[in-house]
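# Results of the structural survey
For reference, the chains in residue letters:
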Amino acid sequence: MAPFEVSRFGLSYRSASEIRIDLSTVAPGAYRVLAVHNFHTEDCNPCLTECVAGVFLAARRSDGSWEAPERFPIECRAVGVLGTLQVPDDAGLAELLP
């Protein structure tokens, strides 16, 4: 995934470098790729309106709802949906759909 920026809550969330996810370890199914504010990342930027962003793969549950990163013990907050993807049974590469 290429670097990205999401503006929300009066802040700018940025991913400064490419992010790669090894989908061979991810269960087959539908996923939302969410931009998240990761509170574990130390941010030395003196501009308090700019934050470091990460990604979270939110799986579609059997009832049709999506997982939420706030429900996991990783201390992050969803700030936007970057796209969706379908991980096939033979997951090596999956395409991100906007």
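Residues numbered from 1 in each chain as written. Predicted model: local features only at pLDDT ≥ 70, side-chain atom pairs only at ≥ 80, totals over all residues. Heavy atoms only, no water.

## Structural notes on the packing of aromatic side chains
In this structure the tally under the stated criterion is zero aromatic pairs. A cation over a ring is seen here: Arg 77 above Phe 9, with NZ or CZ 4.3 Å from the ring centre. (Phe/Tyr/Trp six-rings, centres within 6.5 Å; stacked < 30°, edge-to-face > 60°. Lys NZ or Arg CZ within 6 Å of the ring centre and 35° of its normal.)

## What to know about the nonpolar core
One finds Leu 23, Val 26, Tyr 31, Val 33, Leu 57, Ala 59, Leu 85 and Val 87 forming the largest nonpolar core, which totals eight residues. Looking at this core, the elements that each hand over two or more residues are β3 (29-38), β4 (50-59) and β5 (76-87). Within the second largest apolar cluster, seven residues are counted, among which are Val 6, Tyr 13, Ala 35 and Cys 51. (Core = buried A, V, L, I, M, F, W, Y, C linked by side-chain atoms within 4.5 Å. Buried < 20%, exposed > 50% of the residue type's maximum accessible area, 1.4 Å probe, protein only. Helix = DSSP H or I, 4+ residues; strand = E, 2+ residues; numbered from the N terminus.)

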